[in-house]
Amino acid sequence: MGPLPPFGIIAKNLRAGSIIPFLGAGASLGTGLADSVFKSPPTGRELARLLGSVANFPYEAAEANADLGQIASYYQEAEDRLGLVQLLDQTFDQSFDPQPLHFLLADQGPLLIVTTNYDDLIEEALRRRNRTFHLVVHPTDRLDLAASVLWWKPGEATPSAFHPSDLPLSLTDTTIIYKMHGSVDRSPGKAWSSFVVTEEDYVDFLARMAGQAAIPANFKVQFMTSRFLFLGYGLRDWNLRVLLKTIRSSSRSISGRDAANDDQGPHGPSSDHVPRLQPAASPLEGLRSWAIQMKPHWLETLLWRNRGVNIYDMSLDAFTAQLSEWLTRA
């Protein structure tokens, strides 16, 4: 058995709001309604299996490691984008129950919570705790809004669209949920469902991130000064590795621009102006972060370590239970 996570340190940072929980598919696993197609939101592997089965994906002709992006791309070519979105809507429009981890995060705050999940479990946990929250989603399936993010203010049913650099939202006294890969819309009209799921979706989204046109500017500042807590992720997924690298690069660019601006006097650079010391370029470079993953592969351990992240071999249920105990201490 390896070392245990530093629960006291993580609890301290959660209370201070200086941790950004980063939720992957593993964070949503649990038991939901007995008559659901899935008892909990499907993992990427389960969703790939569903799409492959419906579209009769030719596994015998594919590489052994065909992933969700490849199979979703095949499904879209076999039917069309509308059919793919409708099937994803049907799959995730279920009354799944939030897990203890979701309630633990809902009881903290305010926090910036980042997730690549399509489900609404963290939102539901906050609702059940009578906690208000902001919701920010990338609208992949609205071509007219492709360069925007959607912002639902607390309690509002309809979002407002903003260019990421213009989103007037930063972490203050209300939790923010930032859904990077879209989200299911469970309202009757389903006007806002959006999914980053095919290989083409990932390429488009990562290209926007590389061009620093995806992540809201105020969130980049939060990334730069916070630690990450990765829950339900494995780093063998290349999409996540590129995502983390881009976050690090974009945070560094924010720091560089701030430093340059600080050196400017009212009429340009000033020789007697002393620039302010800048915070660490990103949580993945200057601040220690943590990941919880059951039985990580040796390669994942190496990849996490190279990104300044300590990984701990523990189930999320056990981690949540022990962290809850630490959070109840004075």
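Now for a quick tour of the structure. Computed from a predicted structure; not experimentally measured.

As for the nonpolar core
At step 1: Ranked by internal contacts, the top residues of the largest apolar core, which has 35 residues, are Leu 14, Leu 105, Phe 319 and Leu 323.
At step 2: A total of five residues in this core trace back to one element, the largest contributor, which is helix 5 (residues 100-106).
At step 3: Those residues in contact with Leu 105, other than ones at most four positions away along the chain, are Leu 14, Pro 21, Leu 23, Leu 111, Ile 113 and Ile 122.
At step 4: Among the nonpolar cores identified, the runner-up in size contains 32 residues, and Leu 112, Tyr 178, Leu 235 and Leu 240 belong to it.

Looking at the side chain of Asp 120
At step 1: With respect to the helices, strands and loops of the structure, Asp 120 is situated in the loop between strand 2 (112-115) and helix 6 (121-128).
At step 2: Overall, the relative accessible area of 10% leaves Asp 120 in the buried class.
At step 3: Ignoring any residue separated from it by four or fewer positions in sequence, one finds Asp 120 in contact with Arg 127, Lys 179 and Arg 186.

A few points about the pattern of salt bridges
At step 1: The final tally for this structure, using the stated rule, is ten salt bridges.
At step 2: Its salt-bridge partner being Arg 129, residue Asp 107 comes within 2.7 Å of it at the nearest N-O pair. Of this pair, Asp 107 sits in the loop between helix 5 and strand 2 while Arg 129 is found in the loop between helix 6 and strand 3 (133-137), placing the two residues 22 residues apart along the sequence.
At step 3: On the basis of relative accessible area, Asp 107 is assigned to the partly exposed category, the value being 42%.
At step 4: A salt bridge links Glu 123 to Lys 179; its shortest N-O distance comes to 2.9 Å. In this pair, Glu 123 sits in helix 6 while Lys 179 sits in strand 6 (residues 175-179), placing the two residues 56 residues apart along the sequence. The same class applies to Glu 123 and to Lys 179, which are both buried.
At step 5: By sharing partners, the salt bridges in this structure join Asp 89, Asp 93, Asp 120, Arg 186 and Lys 190 into a single network.

Re empty space enclosed by the protein
At step 1: In the structure shown here, the tally under the stated rule is one cavity of 30 Å³ or more.
At step 2: If you add up the space inside the largest cavity, you get close to 40 Å³.
At step 3: Every residue lining the largest cavity is listed: Leu 23, Ser 28, His 102, Thr 115, Asn 117, Asp 119 and Ile 122.
At step 4: Its residues assigned to classes, the lining of the largest cavity comprises two nonpolar, four polar and one charged.

Observations concerning the layout of surface pockets
At step 1: Here the largest pocket is characterised by a volume of approximately 1,500 Å³.
At step 2: What lines the largest pocket is a set of 41 residues, among which Ala 25, Thr 43, Gly 44, Arg 45 and Asp 237 lie closest to the centre.
At step 3: Taken together, the elements giving at least two residues each to the lining of the largest pocket come down to helix 2 (44-55), helix 3 (68-78), helix 7 (199-210) and helix 9 (238-262).
At step 4: The element contributing the most residues to the lining of the largest pocket is helix 2, with five residues.
At step 5: For the lining of the largest pocket, a count of residues per class yields 18 nonpolar, 14 polar and nine charged.
At step 6: Considering only enclosed or pocket space, the second largest pocket measures out at about 480 Å³ in volume.

Reading guide: rules and limits
Residues numbered from 1 in each chain as written. Predicted model: local features only at pLDDT ≥ 70, side-chain atom pairs only at ≥ 80, totals over all residues. Heavy atoms only, no water. Core = buried A, V, L, I, M, F, W, Y, C linked by side-chain atoms within 4.5 Å. Buried < 20%, exposed > 50% of the residue type's maximum accessible area, 1.4 Å probe, protein only. Helix = DSSP H or I, 4+ residues; strand = E, 2+ residues; numbered from the N terminus. Contact = heavy atoms within 4.5 Å. Salt bridge = Lys/Arg side-chain N within 4 Å of Asp/Glu carboxyl O. 1 Å grid on protein atoms, 1.4 Å probe; cavity = no way out; pocket = protein on both sides within 12 Å on 5 of 7 lines; lining within 4 Å. Points joined across faces, edges and corners; volume = space filled by probe spheres on them. Nonpolar A, V, L, I, M, F, W, Y, C, P; charged D, E, K, R; others polar.

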